Amino acid sequence: MKKKKGIRDLIYVSNEHQNNCFYSYGIEFNEFMNCVHNRPENLLLLKHNFDNPQWNQHSRFDYVTKEEINELIEDYVYGYGDFCWVDFSNEEELDALSNIQIAELLFFSHLARPLHSLPMLRFAYYAHDDGWFNKLYVTHLPDYEILLSKVIVYKLQKLTGRKLENIPKEISSVLLESTRDGLFIDLSKTINNSIELKIPIAIIGHFTDMDKVYEFREEVSDYKVCLVYSKKLWKLIKEV
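What counts and what doesn't
Residues numbered from 1 in each chain as written. Predicted model: local features only at pLDDT ≥ 70, side-chain atom pairs only at ≥ 80, totals over all residues. Heavy atoms only, no water. Pairing = 2+ DSSP bridges. Helix = DSSP H or I, 4+ residues; strand = E, 2+ residues; numbered from the N terminus. Disulfide = S-S within 2.5 Å. Buried < 20%, exposed > 50% of the residue type's maximum accessible area, 1.4 Å probe, protein only. Contact = heavy atoms within 4.5 Å. Core = buried A, V, L, I, M, F, W, Y, C linked by side-chain atoms within 4.5 Å.

Asker: How should the pairing of strand β13 (residues 233–238) be read in this particular structure?
Answerer: Along any regular strand, the residues point their side chains to alternate faces of the sheet. Strand direction decides the pairing type here: strand β12 (residues 225–230) and β13, joined by six bridges, are antiparallel. Bridge pairing links L227 to L236 in β13. In this structure, the hairpin formed by β12 and β13 is closed by a connection of two residues, where K231 is found at a positive phi of approximately 55 degrees.

Below, the structure written as structure tokens:
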């Protein structure tokens, strides 16, 4: 299938810190896979409409490895509706799944949450309408810190046509911490001139209804912090 054109220019992330769960708007599957550190190559597909998966007879789940992963990334994932997967180490791991683990995976694919403990390597990913709603469980928080900072740069490069440096650790850690209170970055309000890029940032609280989040584009006007890129350096600046 052909991918849709365009790029979402709004990023919202809210973190349930106690269980390393992130709700987000604006991060599509291809952006996730292009920006995540050490991209996973083996995905157990729990909900999908991909035409070329492999099939594990033991678990009766579809999956992809590095042989098919690029094709999946280029597919029209938005057209799937719901898209759900966990990553795994190797095919032998699928053959060793217990009945309880298979049930856990089915529960996650149905209700987007673990019953007890998800059998995953690093990520358990549940999305609806690619880029509109994503619920992601992560094993290691630094994985999400890197992902978020790289997604911001990736989108800005696409939207502005400019080559940008990576966001440094001292800023990416602040951005990750801000997700606890609902980080809201409206890239459509970016000031782009020859001197700098200036991206307004707001905190709007925790939401799982992304229709409500999208409405904040019109409601939020008092941005207290800006992410600024100038002279190949990133800074977070509080607005007076």
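Asker: Which parts of the structure should I look at to understand the state of the cysteines?
Answerer: By definition, a disulfide links two cysteine residues through a covalent bond between their sulfur atoms. For the coordinates displayed, the defined rule picks out zero disulfides. Note on C84: no disulfide assigned, nearest cysteine sulfur contributed by C21 at a separation of 12 Å. Judged by relative accessible area, which is 0%, C84 ranks as buried.

Asker: Please explain the environment of Y214 as it appears in this structure.
Answerer: Along the polypeptide, Y214 turns up in helix α7 (residues 210–219). The exposure class of Y214 is partly exposed, given its relative accessible area of 36%. Considered as a pair, Y214 and A202 are twelve residues apart in the sequence and their alpha carbons are 13 Å apart. For Y214, the contacting residues outside a window of four places in its chain are L10, Y25 and W132.

Asker: Before we go on, may I ask you to explain the pairing of strand β3 (residues 43–47) in this structure?
Answerer: Of all five residues in β3, four are buried, a share of seventy percent or more. Here β3 pairs with strand β5 (residues 61–64) via three bridges, running antiparallel. Bridge assignment links L45 to a residue of β5, and that residue is D62. Here four bridges tie β3 to strand β6 (residues 82–87), and the two strands are oriented antiparallel to one another. The residue bridging L43 from the neighbouring strand is D87, located in β6.

Asker: How should the nonpolar core be read in this particular structure?
Answerer: Note that soluble globular proteins tend to have their nonpolar side chains buried in a common cluster. Judged by nonpolar contacts, the single largest core of 46 residues is most densely connected at F29, F32, L72, Y144 and W234. It is helix α5 (residues 141–160) that provides the largest number of residues to this core, a total of seven residues. Not counting chain neighbours up to four residues away, the residues in contact with F32 comprise I27, W85, F123, Y125, L136 and L147.

Asker: So what exactly am I meant to see when it comes to the environment of I201 here?
Answerer: Looking at where I201 falls in the secondary structure, it is placed in strand β11 (residues 197–203). Using a relative accessible area of 7% as the deciding quantity, one classes I201 as buried. Once the C-alpha coordinates of I201 and K224 are considered, the two residues, 23 residues apart in sequence, prove to be 7.0 Å apart. Beyond its immediate stretch of four places on either side in the chain, I201 contacts L175, L183, F184, I185, Y223, K224, V225, L227 and L236.

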